[in-house]
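Letter by letter, the chains look like this.
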Amino acid sequence: MPAAGVPGDGCPQSPAGVPGDGCPQSPAGVPGDARGRPGAGAGKRRVPCTGQRGGGAGGAGRARGSRSRRAAGPHRTMAGPRGARGRLPPLLLLLLPLLLPLPAAPAAQSCLSRQQLLAAIRQMQQLLKGQETRFSEGLRAVRSRLSTIHASLAKAAPEPPPAACPALQAPADGRKFGTKYLVDHEVHFACDPGFQLLGSSTRMCQANGSWTGQEARCAEIRECSSSPCQNGGTCLEGLNHFRCLCPPQWTGTTCQYQAQTAPPTWSVTGDPAFSRQPRCAQIAQTQQCSCDPGFHMSGTASNGICQDLNECEVYQQQGGPRLCAHACVNIPGSFHCSCPAGYVLLGDGKSCEDIDECSLSQDNCTSGSTCINTGGGFQCVTPQCPPPAGNVSYVKTSPFQCERNPCPMESRSCHQAPKTISFHYLPLPSKLQTPAPLFRMATAAAPGRPGPDSLRFGIAGGNNRGHFVVQRSDRHTGELLLVQSLQGPRTVHVDVDMAEYLDRAFQAKHLSKITLFVSAYEF
């Protein structure tokens, strides 16, 4: 038998070892006969795979026989352009490596002609076109399904809007604080000077869509309703005050004094220092007498005496300007002002200034506490972090701040607890005019990290919540306002929290615990 791959034997020049063609199954590139011995064709030139089967009639006959036998074999089935449509994907998978640039191979391994390669490429193009068509059909089906779902959801009943309460208006001659009407939001009311609030100063929106409390109204303060004018005097209303029109023979702010030459009630007659003899002179056969500044003539011309004028009482009764910030002390012919303990009189002789005992080291606070100056005194404070509760615990990072320890990933209650708790102490005069800003909260982003895009402020606790309201002063700042005056002396607590949100997702909460030390005095 001729050696495999030798021209003239009628066998195709394909790689050896392809079953079904009737050719010797010798190793590729090792010429020899069917028994593995070197054949007579060893060392002869190989013929390229161009369809030539060798010369001579015998060779042609053998080639035809080989083709008829190979038609049933897998090698011929995959190589022929006809009869291969049912097995096209495996053929293409085999041809893909042939289309890529590869190093030059021996001629015995290149078995497809140019026409066969073109036919395979066309079949691959047809396959890709069919796959593209099926892919487009699949996309259209998915798009149609999504449109159907969207239409069904659009026709469904819309989600109910978040529960809210009707809008509230500011009362006449008053003001309203708060613009959110959702559940658990508060709205506060205050009246203008000269008016008093009737109804509820604070109202909260309930889950059933109604407000707590009663409608707020501002009523004019009528000083004359108590009939302050005496002895037939007529009361005239004014802004935060009244005036009495007194009949003849009566005088005073409430017509309580008789208009006569007798010494008035504000004169001091028991102390000789407050009484002096007038200075008299005879002018044109008439005796004229006068008193020193700070004294007034009392009695008749024949027996008159100069009595001290109590300026403190006069100015207080007649509603004139206040002589002293705190106390007026009458002295013969004049007066002077005094200040309570813990204050010092300023150079104008009228005003009082608080003494800062803390900065002057005049306090008695023990080690571990902090001195806070207040109106007329001081307070020793020792802020404490909240005790541990469940997964929530705090550590003190400064004398006036606590920070929450890291939370377990699965603990939602821990993440909702305040991340920081700060303590603030503010001295406040009594009867401070309102509205008055007291405290501001702001946020700042850490370097390299995005800051919150939304903040929510609220009053979280305290013992006089109705006196305060929180409002936003700008995008990243909230402000605590005093809307109702506080009369001292008293200590007031109010807690304000600030929640941070990013893309409507809760990030963190910060709590400020504010303590107000309200003085007994209005300065």
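The following refers to the structure shown. (Residues numbered from 1 in each chain as written. Predicted model: local features only at pLDDT ≥ 70, side-chain atom pairs only at ≥ 80, totals over all residues. Heavy atoms only, no water.)

The helix and strand inventory of the chain stands at 6 helices and 29 strands. Buried positions account for 31% of the 523 residues belonging to the chain. Counted over contacts in the chain with a minimum sequence separation of 6, partners at least 24 positions apart contribute 45%. Per element, the accessible surface of the chain, about 32,300 Å² overall, is 54% carbon and sulfur. (Helix = DSSP H or I, 4+ residues; strand = E, 2+ residues; numbered from the N terminus. Buried < 20%, exposed > 50% of the residue type's maximum accessible area, 1.4 Å probe, protein only. Contact = heavy atoms within 4.5 Å. Areas by Shrake-Rupley, 256 points an atom, 1.4 Å probe, with all protein chains shown as cover.)

So, about a nonpolar patch on the surface. A surface patch of nonpolar side chains, about 390 Å² in accessible area, is lined by Val142, Leu146, Ile149 and Leu153. Mapped onto the fold, Leu146 is located in helix H4 (residues 114-155). Assessed through its relative accessible area of 54%, Leu146 is described here as exposed. (Patch = residues over 30% accessible without salt bridge, like charges linked within 9 Å, V, L, I, M, F, W, Y side chains within 5 Å. Salt bridge = Lys/Arg side-chain N within 4 Å of Asp/Glu carboxyl O.)

On the basis of which strands lie adjacent, the open sheet formed by 3 strands has the order E10-E14-E13 and antiparallel pairing. Single-partner strands in this sheet number two, and they are strand E10 (275-276) and strand E13 (295-298). Two elements, E13 and strand E14 (residues 305-308), share 4 bridges in a ladder whose sense is antiparallel. Each bridged residue has a counterpart across the sheet, and for Phe295 the counterpart in E14 is Asp308. (Pairing = 2+ DSSP bridges.)

It is worth spelling out the nonpolar core at this point. Counting 19 residues, the largest nonpolar core has Phe468, Leu480, Leu486 and Leu516 as its most contacted members. Of all elements in the fold, only strand E24 (436-442), strand E25 (454-462), strand E26 (468-474), strand E27 (477-482), strand E28 (490-502) and strand E29 (505-518) reach the threshold of two or more residues within this core. At 4 residues, E28 tops the list of elements feeding residues into this core. Discounting residues that sit within four places of it in the chain, Leu516 has contacts with Leu426, Leu428, Leu438, Phe468, Leu486, Arg490, Thr491 and Val492. Counting residues in each nonpolar core, the second largest holds 13 residues, with Cys407, Cys414, Tyr425 and Leu511 among its members. (Core = buried A, V, L, I, M, F, W, Y, C linked by side-chain atoms within 4.5 Å.)

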